Amino acid sequence: MRTRCVGGIVRDGDGRLLLVRRGRPPGAGLWSVPGGRVEPGEDDPAAVARELKEETGLDVAVGALAGTVERPGPEGVVFEIHDYAATVTGGTLRAGDDADDVAWVRPDDLAGLPLTPGLLDALAEWGVL
C-alpha cells in the first residue's frame, strides 16, 4: 500500500533550514523537514501548509516541488513523500502536533544531528544544500 505524504523545505534569511524532531513513529527522535500524510480531498500545497502550521506554528506560502522520495513504513506501507519549497508568511515558531521540538538549523550543523535516513542525500541531490 502506498501513502502520499508531503514535506515543507523552509529556509530563513540566514540560510538556516527549519527542522522538527519527530515525536512519534516513524522516525521518533529523529530530525526531519516538517510534513506528514495528505488527507482525503486535500491537494499537496494545502497539506504542506496544514502540516507546517500543526508541527511548527508557522504559516507558509507553498512553492515549487523540490523532489520526491519513497521510504518504507510499517507493515509493508510505502510512504511516497513530495517535498516542496515553502516561505514563512506568519505565525509563531513552536513545536506542536507530533513534533517534540522545532529548530532553525545551519546547513553545517545538519551532519551532527540524528536525521531521518536519506534526508541529507535528498536535500543535496535536490540542490537545497
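Position numbers for residues start from 1 in each chain and track the written sequence from start to end. With pLDDT at 70 or above as the cut-off, local features in this predicted model cover only qualifying residues; side-chain atom pairs require 80 or more to be listed or tallied, and sums for whole chains, interfaces and linings still use all residues. Neither water nor hydrogens contribute to the side-chain values; these are computed over all heavy atoms in the structure.

Looking at an unreviewed UniProt entry, the protein carries the name NUDIX domain-containing protein, with the source organism given as Actinomadura geliboluensis. In the Sequence similarities (unreviewed entry) part of its UniProt record, the protein is described as follows: "Belongs to the Nudix hydrolase family." UniProt positions are given in the numbering used here, feature names are shortened, and annotations may be inferred rather than shown by experiment. Under the UniProt heading Cofactor (unreviewed entry), the note attached to the protein is "Mg(2+)".

**Student:** Could you clarify how one ought to interpret the pairing of strand S1 (residues 2-10) in this entry?
**Tutor:** A regular strand places its side chains on the two faces of the sheet in alternate fashion. Most of S1 is tucked away, with seven of its nine residues classed as buried. Only strands joined by at least two bridges in the DSSP assignment are considered to pair. Secondary structure is summarised from DSSP: a helix means a run of H or I of at least four residues, a strand means a run of E of at least two, and numbering begins at the N terminus for each. In this structure, S1 lies alongside strand S4 (residues 35-37), joined through three bridges in antiparallel fashion. When the sheet's bridge partners are listed, glycine 7 is paired in S4 with glycine 35. The cut-offs for exposure are 20% and 50% of the maximum accessible area for each residue type, with area from a 1.4 Å probe on protein chains only; residues under the lower value are buried, those over the upper are exposed, and the others partly exposed.

**Student:** Looking at this model, I keep getting lost on the environment of leucine 119. Mind explaining?
**Tutor:** Its location among the elements puts leucine 119 in helix H2 (residues 119-125). The exposure class assigned to leucine 119 is buried, which follows from its relative accessible area of 8%. Leucine 119 sits 29 residues away from glycine 90 along the chain, and the two C-alpha atoms are 26 Å apart. Those residues in contact with leucine 119 that lie beyond four places of it in its chain are Leu19, Trp31, Ser32 and Val33. By definition, residues are in contact when any of their heavy atoms lie within 4.5 Å.

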